Amino acid sequence: MLDKTFEPAEVEATHDRRWEAAGYFKPDPDPTRPPYCIVMPPPNVTGSLHMGHAVDDTLQDTLIRFKRMQGHAVLWQPGMDHAGIATQAVVERQIAPTTRQELGREAFVARIWEWKAQSGGMISQQLHRLGASADWSRDRFTLDEGVSQAVRKVFVQLYREGLIYKDKRLVNWDCQLQTALSDLEVDQTEVDGHLWYLRYPLEDQPGRHIVVATTRPETMLGDSAIAVHPEDERYRALIGRHAVLPLVGRRLPIVADLYSDPEKGSGAVKITPAHDFNDFEVGRRHQLELINILELDGRLNEQVPAAYRGLDRSAARQRVLADLEAAGLIEKIEPIRHVVPFSQRSETPIEPFLSDQWYADAKTLAAEAIRAVEDGRTRFVPRQWENVYFEWMRNIQPWCISRQLWWGHQIPAWYAPDGKVFVALDEAEAQAEATRHYGHAVPLERDPDVLDTWFSSGLWPFSTLGWPEETPELARFYPTSVLVTGFDIIFFWVARMMMLGLKFMGEVPFRDVCIHGLVRDERGQKMSKSKGNVVDPLDLIERYGADALRLTILASTVQGSDIRFGESRVEGYRNFATKLWNAARFCELNGCELVAGFAPGECREVVNRWVLSKLAQAAAETEAALEAYRFNDAAMALYRFAWNEFCDWYLELAKPALAGEDGAARAETQATAAFVLAQLLHLLHPLTPFVTEELWQRRYDAPGGPLIAASWPKLERTLIAPAAEAELDWLIRLVSALRGARNELGVPPGAKLVLQVQDAAAATQDRLTRHQEALGRLARIERIELASGAQAKGALQVVVDEATYLMPLADVIDLDQERQRLERALAKAAAELERFDKKLANPQFLDRAPVEVIEEQRARRAEVLQAHDKLSAALARIAS
RNA sequence: GCGGGCGUAGCUCAGCGGUAGAGCACGGCGUUUACACCGCCGGUGUCGGAGGUUCGAAACCUUCCGCCCGCACCA
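Residues numbered from 1 in each chain as written. Chains lettered and ligands numbered in written order. Predicted model: local features only at pLDDT ≥ 70, side-chain atom pairs only at ≥ 80, totals over all residues. Heavy atoms only, no water.

A. Helix α9 (residues 313-326), seen in detail. The terminal C-alpha atoms of α9 lie 20 Å apart, and with 14 residues this matches the ideal 20 Å at 1.5 Å per residue to within 8%. Residues of α9 that are buried: R313, A316, V320, L321 and L324. Seen end-on, α9 carries its buried residues on one side only, within an arc spanning 130°. Exposed side of α9, more than 90 degrees from the buried face: Q318 and A326 are the residues found there. Tucked inside the fold, the buried residues of α9 contact β7 (186-201), β13 (330-343) and β14 (350-360). Just past α9, the residue G328 takes up positive phi, approximately 70°. (Helix = DSSP H or I, 4+ residues; strand = E, 2+ residues; numbered from the N terminus. Expected span 1.5 Å × (residues − 1). Buried < 20%, exposed > 50% of the residue type's maximum accessible area, 1.4 Å probe, protein only. Arc of directions from axis to C-beta. Contact = heavy atoms within 4.5 Å.)

B. Representation of the packing of helix α27 (residues 815-841) against helix α29 (residues 851-879) in the model. Packing of α27 against α29 leaves a shortest axis separation of 8 Å and a crossing angle of 155°. Taken as axis vectors, α27 and α29 run roughly antiparallel relative to one another. α27 and α29 meet at a crossing whose hand is left-handed. The residue inventory of the contact of α27 with α29, partitioned by class, reads 16 nonpolar, 3 polar and 9 charged. (Axes fitted to C-alpha atoms, helices over the stretch in contact; angles between N-to-C directions. Parallel < 35°, antiparallel > 145°, perpendicular 65-115°, else oblique. Left-handed = near helix turned anticlockwise from the far one by under 90°. Nonpolar A, V, L, I, M, F, W, Y, C, P; charged D, E, K, R; others polar.)

C. Looking closely at the side chain of D449. The residue D449 is located in the loop between β20 (445-446) and β21 (450-451) in this model. For the buried D449, which has no salt bridge, the nearest side chain bearing the opposite charge is R105, at an N-O separation of 6.1 Å. Other than its neighbours up to four places away in sequence, D449 contacts Q357, S402, R403, Q404, L405, H409, Q410 and I411. (Lys, Arg positive; Asp, Glu negative; His and termini not counted. Salt bridge = Lys/Arg side-chain N within 4 Å of Asp/Glu carboxyl O.)

D. Structural context of the sheet that holds strand β23 (residues 510-516). Overall, parallel pairing links the 3 strands, which are arranged β15-β23-β22 in an open sheet. Edge strands, defined here as strands with exactly one partner in the open sheet, are β15 (379-381) and β22 (480-486). The average angle at which neighbouring strand axes cross in this sheet is 20°, direction not considered. In this structure, β15 lies alongside β23, joined through 3 bridges in parallel fashion. If you follow F380 over to β23, its bridge partner there is V513. Against the sheet, helix α2 (residues 51-69) contacts β22 and β23, and its axis sits at roughly 155° relative to β22. (Pairing = 2+ DSSP bridges.)

E. Local environment of the sheet that holds strand β19 (residues 421-423). Here 3 strands make up an open sheet; going across it, the order is β19-β18-β20 and the pairing antiparallel. Of all the strands in the sheet, just β19 and β20 have a single pairing partner and so form its edges. By the bridge criterion, 3 bridges tie strand β18 (residues 413-415) to β19 in an arrangement that is antiparallel. Among the inter-strand pairings, Y415 is bridged to a residue of β19, identified as V421. Along the sheet face, helix α12 (residues 427-438) touches β18 and β19 and points at about 135° away from the line of β19.

F. Expanded view of the domain arrangement of chain A. Here chain A is partitioned into domain 1 (9-140 + 460-524), domain 2 (179-351), domain 3 (544-720) and domain 4 (725-879). Centre-to-centre separation of domain 2 and domain 3, based on C-alpha positions: 69 Å. (Domains from an automatic or database assignment.)

G. Layout of unusual backbone geometry. That bond from A96 to P97 is cis: its omega, 5°, falls within 30 degrees of zero. Tracing the backbone shows P97 in the loop between α3 (84-95) and α4 (100-103). Omega for the bond connecting Y478 with P479 falls within 30 degrees of zero, at -5°, which places this linkage in the cis form. Among the structural elements, P479 can be located in the loop between α15 (472-477) and β22.

The structure is reproduced here in structure tokens:
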């Protein structure tokens, strides 16, 4: 027999192991099954499970289990990402104070692999705890040979087509990690700073100067011009003349350029083409000298006067300011709040830095990726994210794909001694090309840099399926069905997969992109370690069970908004699992077993027809919601059905039949209860796999195998039974009304009352007879009498539809209180009646509203009027 | 500056043209052969403000107010 409560910890691991061992996580090989595929956004290989993963993977697993039950051949492709910068940074910290340069590349990379071996893959184990039914046998890692081969092939082909090229441009340089970053890895952060107004003496005009303003005074050492607006009267006369750069002595031409904004600063702006993105463009327009003053680590190089060489950029700033001050060249200093770019990784300020890097021609690649969303080959859910995607894609910049790291895919480019580059799949091929080019062999040196991690992630939907091999999986599962991810990843990943998928597969990587929000804490704050408000999903799983966590996530996942996560909700859904468990326990205790050949459409008992009708509706709702990625609607539909309909009413109402003498009714009810519970377990399985599987196997001995492999319920629409619903709805209303009245009047809960019924229609009298037992038990009614005359002075009176129900209480009842209760009800009815009357008296309403609406309002008015009159009568009786 | 989102019960949020809802919290009561991780009962809302469209607006439009998030922007 089932225990009183469900203990998730005892069964979760077992089911997970059995499911996987039995091969249910692998796609069904049957070629007639339609394919369904999701590639899991690869988490960082050395990371651990956080709420973001829990959300993302719960949604995916729910879809995967749903589609699997629907009969698709399902592949959920898992994998992990090498997370270049993050992982390398972790290991660099581990070996400190030794630097990676001291260790050497080979030894350092070996250290990272060690770290990966040690901490890598932990997240896969943690995903198992969540119930993630991915095909773990196909687990991939971005640095696996197969995936790496795909990366090389893509690089080579794009290079040969001119879509990858090397260029000397300004990049976002992280001085601490000493690598270039893409625009996306830079955070623009508002900080308090200063605006220094500097005087640059004018050449040949002793005592005169031009004032420029800057927030980064140290960069003046790299200035090569001053720009003014061509129409700025203040400076017009100076155009074409020169100033002298203080501390350095360089001549700076004063040029006219529209970039200069007369409103900003002094209106004249210093131009440092090698250290500012805008200045770079100005420099290009005026053929200005590019003076790089920084070393890779942010210290000043030999391009600056000796006094500043070797100083760190912040020390250099102080020194420059002090020297300018001493020379009387600082006009004024204004405090300013401005935006400074910071590296997401090292959290240090980014320096625009001139260097040779590899770029992908994102603009060209983006064209097709934009079109694919425009014409609906790929669809975002919710739709509004398409605008974000378009906005970014249409303004896309060249994508800097090289990183000065050692952990990642080394760029397949080799240099000859004269600097000529040979891009090839491997060294032998490069060598052959070089030999062909020079007519003899030359020593080649490989480019030391690696590729941006997102470059390999961008290939994920096809590289994991075996590309460039033409594998059966690739043929079967590409394009994948849906990508599920957070909106913060649209640019990083979705965009890149779209570009590269279309380019190399000629087809979009996924049909749908399901975008969900970020997890926040109860107060709406982003979860972060520094705020100390992180919730650990594993901790929640341990305390409440994976099902409870999953249901909480699903019920909170509303399209288009963030998820505020409160622990009390997890507790609530843990309670739901227990409730379900106990419903199953009740069924067990009452001999509700599945009956082979049970035909739900042939049930005769109204209660059974009612619950089947509700079940069919809940199933339809759930299915529609899951198909549309409305996870919260699916969760709520099932929660409501299971708790408020199945448990609260059906099981209560089924009790007499289950314990009764009528063998046929009992058998039908037992079979129905078992059937409904079994169907409910099926419907819930994608959401809460563990408790449903456990109950399925414990209770039904798993006919036909485990629930994970069962078929999704197909319930006939003919099960929807309006007459049964009307009857039971009436019963529920009556019981609730009787309970409410008793409670309000403080009738002792145990007191059994007589129910006198007045004005009941024949149909109602029938119903009363049919549900006599239920009324007795649920509303504590001793017996029902059909009464005609008004005889109830000390009686409670309740109006439901056309009938009035009186419960004589003799002297127990407080007449005054009862009068007040009835008056409140009457007032409410009167107010409602007035609203309807007003509406129905409005000629315009009658003229313009649809007939159905008018009819509906009339019908409702009639109902309210009836209630109103009955309540008046009840009051009159009590007063007499 | 450009774009997007959100303001509904004490809290977290559904609802998005035709009777204002759920969960949690709160209060009262616990009788009913599954469940106290439970049952029953209960209250509260100028649906952010103001206009407009409509027979009818929480919902659609305009505008304002208040929060939030992207993107752009180191003079």
